[in-house]
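Tertiary structure, described
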Amino acid sequence: MEIIHVSAECYPVAKVGGLADVVGALPKYQQNLGHTAKVVMPMYRTAFLYRHEWDVVHKGRTHMGNWWYEYTVIKEHDNELGFDLYLIDIYGLLDREGIYGYADDSERFTAFQVAFVDWLGGWNHRPDIVHVHDHHTGLIPFMMQYSADYGHLKGIKTILTIHNAQYQGWMGWGKGTYLPRYDMWKSGLLDWNGTINPLACAIRCAWKVTTVSPSYMEELRYSANGLEPLFEYEKGKCIGILNGIDTQVWDTETDPYLGTHYNSDTVEAGKSAHKLELCKRFHLDPSKPLIIFIGRFALEKAADLLPTVIGDAFHYIGRTMNFLILGSGDPNVEGRLANLQSMVAQDYHAFIGYNEQLSHQMYAGADFLLMPSRVEPCGLNQMYALRYGTVPIVRSTGGLKDTVIDYGDWQGFGVRFEHANVGDITHGIYRALELYQDKVRFDEIRQRIMHIDHSWENSASEYIALYLS
Ligand code: ADP
Ligand code: GLC
């Protein structure tokens, strides 16, 4: 089968979060299963772009309403990622350093999608599957199905994977003219509550819809940022497939970001070495359990609760643990987490920013990873943590529910709590520290979790089965 993934992110080309990790890994594993998988994404000005050689494979010209523009499709020369990687360059729109967050994001991603469909429309063969990811690529199934100019693309199967339904790409109907000519009787497919909603449109127009964990699919039927009835209505074509992790990138025995390598037999010494290094660097106390948080400071991740949680933990449980935070996002949360430093410096450090290497070192050196997420469609951090022998403390939601079993339950290994509120999170931390005191049990769990198999092999086959269906 020939599968084309279309996405706004792909690791290591451009990454904001887990979407990039998934799109950087899934196609590789699909190739391993004997299929041809390709990735198409916008050409941003990232370090990856400048470090690699590119071949121009297509130059085209298309339009959004009255605005005509040229686009260029380039392909990475050496196939370094293990699959064909194509970038679409639209001068002035996509070629920026950032990925999201510009005032003209609607124009940027719509132009990208229109260019993709225009390019695909000129191919002299048809791929079997076009697999789109999140709202940035959500108009593609509609355009392929209903655009008069691309009628010959009708019938190519499209799949939508939802990594996050909180963001839907809403835009006013004034931008309706951006789309290539389409059957006006179908305009209702674009609309949700009076605005163009690319995510809703993709849910209606894709042949199948997946979420990145089974539990998240269930949750969307009662909590989907306004789209609940749509998920209920379309449930027949919806399925949850749990993400995997790239075990070649995330491997404690070969990870190039780690100075000391280890495996489950040497986990104690290996993790101690990393913990020591982290504690030295951030002036923490290596004799105390180390709890980390890594992630975007967005509402979904509940990072806004961390300052109060940390204050309460120190106050009610005592200064018996250390916290190390890595992340960026909401400036208000950044400020509050940075300010906390002056009050509890010996037991706490916040590194505000994005740092891939430090994240690997933290998964390796920590005792616990805290994920109090309000919404977590899958979550990759907890799976990286498990593989690196770090015990997850998670809220029971979405993919966290599907991957972490509480240590009080049969074959359990982590800590789970019900609500994303200060009381529940602090109680979760308290229970984690109790586990830490039981050294024999804690060591047994650390060794065991390193063997839990979350590699992409299983999930990649599930996607193939879905395409075949
Ligand atoms: P999301 O995609 O919602 O942000 P995931 O758990 O799926 O959440 O994936 C997050 C990914 O981004 C992980 O690979 C995590 O290690 C990484 N990450 C998040 N924030 C940072 C940061 N500040 N520095 C380095 N890596 C980060
Ligand atoms: C999204 C979700 C996250 C998921 C990731 C990859 O960013 O927030 O839970 O792991 O996509 O699918």
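Residues numbered from 1 in each chain as written. Chains lettered and ligands numbered in written order. Predicted model: local features only at pLDDT ≥ 70, side-chain atom pairs only at ≥ 80, totals over all residues. Heavy atoms only, no water.

**Concerning the site of ligand 2**
To keep it simple, the criterion reads: Any residue with a non-hydrogen atom lying within 4 Å of a molecule or strand is treated as near it. Any pair of nitrogen or oxygen atoms within 3.5 Å is treated as a polar contact; in protein, a donor-acceptor pairing is required on top of that, and neighbouring residues in sequence qualify only through side-chain atoms on both sides. What sets the accessible areas is the Shrake-Rupley method with a 1.4 Å probe; for residues, cover comes only from the shown protein chains. For the purposes of this entry, the term helix denotes a DSSP run of H or I that reaches at least four residues, the term strand denotes a run of E that reaches at least two, and both are numbered from the N terminus. Basically, the charged four are Asp, Glu, Lys and Arg, the nonpolar ten are Ala, Val, Leu, Ile, Met, Phe, Trp, Tyr, Cys and Pro, and anything else, Gly included, counts as polar. The start and end points of each domain follow an automatic or database-based domain assignment.
Every residue close to ligand 2 is listed here: G18, L19, V22, H163, V212, N243, R296, E376, P377, C378, G379 and L380. Contacts to ligand 2 include N243, whose side-chain N or O atom sits 2.8 Å from an oxygen atom. At a separation of 2.4 Å, an oxygen atom of ligand 2 approaches a polar side-chain atom of E376. Burial of ligand 2 by the protein amounts to 92% of the accessible area it has alone, namely 310 Å². For the shell around ligand 2, the element with the highest residue contribution is helix 1 (residues 18-32), accounting for 3 residues. Of the residues that constitute the shell around ligand 2, the class distribution is 6 nonpolar, 4 polar and 2 charged. No fewer than three residues from each of domain 1 (2-244 + 457-468) and domain 2 (264-449) sit in the shell around ligand 2.

**Focus: the site of ligand 1**
Surveying the vicinity of ligand 1 reveals 20 residues, the closest of which are G18, R296, K301, G353 and Y363. At 2.5 Å, a backbone N or O of G18 approaches an oxygen atom of ligand 1. Between ligand 1 and L380, the relevant distance is 2.9 Å, taken from an oxygen atom to a main-chain nitrogen or oxygen of the residue. Elements with a minimum of two residues in the shell around ligand 1: helix 1, strand 12 (290-297), strand 13 (322-329), helix 11 (356-365) and helix 12 (381-387). Each residue belonging to the shell around ligand 1 can be placed in one class, and the counts come to 6 nonpolar, 9 polar and 5 charged.

**Considerations on the domain arrangement of the chain**
Threshold: Buried area: the sum, over both parts, of the accessible surface (1.4 Å probe) that disappears when the two are put together. Salt bridges, as used here, are contacts in which a Lys or Arg side-chain nitrogen is within 4 Å of a carboxyl oxygen on Asp or Glu.
As far as domains go, the chain holds domain 1 (2-244 + 457-468) and domain 2 (264-449). One C-alpha centre belongs to domain 1, the other to domain 2, and the line joining them spans 33 Å. Regarding the contact of domain 1 and domain 2, the summed buried area is about 1,400 Å², with carbon and sulfur atoms giving 55% of it. For domain 1, the biggest contributors to the area lost against domain 2 are S215, E219 and L242; these three give 25% of the whole. Between the two partners, domain 1 and domain 2, sit 1 salt bridge. Its salt-bridge partner being K15, residue E356 comes within 3.5 Å of it at the nearest N-O pair. The interface formed by domain 1 and domain 2 contains 8 residue pairs in polar contact (both at pLDDT 80 or more).

**Considering the sheet that holds strand 2 (residues 36-42)**
We apply this condition: For two strands to be treated as a pair, DSSP must find at least two bridges joining them. Helix axes use the C-alpha atoms of the stretch in contact, all axes being lines fitted to C-alpha atoms, and the angles between their N-to-C directions lie in the range 0 to 180 degrees. Contacts are assigned to residue pairs with any non-hydrogen atoms lying within 4.5 Å of each other.
Ordered in space as 3-4-5-2-1-6-7-10-11, the 9 strands form an open sheet in which the pairing is mixed. Since the sheet does not close on itself, it has two edges, and those belong to strand 3 (54-64) and strand 11 (238-240), each with one partner. Ignoring strand direction, the axes of neighbouring strands in this sheet form an average angle of 25 degrees. Pairing between strand 4 (residues 67-76) and strand 5 (residues 84-89): 4 bridges, direction antiparallel. Looking across to strand 5, one finds that V73 is bridged to I88. Sheet strands touched by helix 5 (residues 198-205): strand 7 (157-162) and strand 10 (208-211). Its angle to strand 7, the strand with the most contacts, is close to 135 degrees.

**Looking at helix 1**
As a reminder, the rule being used: Working rule for helices: expected span equals 1.5 Å times residues minus one. When accessible area is computed with a 1.4 Å probe and restricted to protein chains, residues below 20% of their type maximum are described as buried, those above 50% as exposed, and intermediate ones as partly exposed.
Taking 1.5 Å as the rise per residue, helix 1 with 15 residues should run 21 Å; its terminal C-alpha atoms sit 21 Å apart, in good agreement. With 12 of 15 residues buried, helix 1 is to be regarded as a mostly interior element. The set of residues buried in helix 1 consists of L19, A20, D21, V22, V23, G24, A25, L26, P27, K28, Y29 and Q30. Backbone geometry just downstream of helix 1 places G34 in the positive-phi region, at approximately 95 degrees.

**Observations regarding the layout of surface pockets**
What counts, and what does not: As defined here, a cavity is a set of points on a 1 Å grid over the protein atoms alone where a 1.4 Å probe fits but cannot get out. A pocket is an open set with protein on both sides within 12 Å along at least five of seven lines, and residues line them when an atom is within 4 Å of a point. Grid points are joined across faces, edges and corners, and a volume is the space filled by probe spheres set on the points.
When its volume is computed, the second largest pocket comes out at roughly 390 Å³. Along the wall of the second largest pocket there are 20 residues; nearest its centre are Y11, P12, K28, D246 and V249. At the level of secondary structure, the elements contributing two or more residues to the lining of the second largest pocket comprise helix 1 and helix 11. For the lining of the second largest pocket, the leading source of residues is helix 1, giving 4 residues. Here the residues of the lining of the second largest pocket are counted per class, giving 9 nonpolar, 4 polar and 7 charged.

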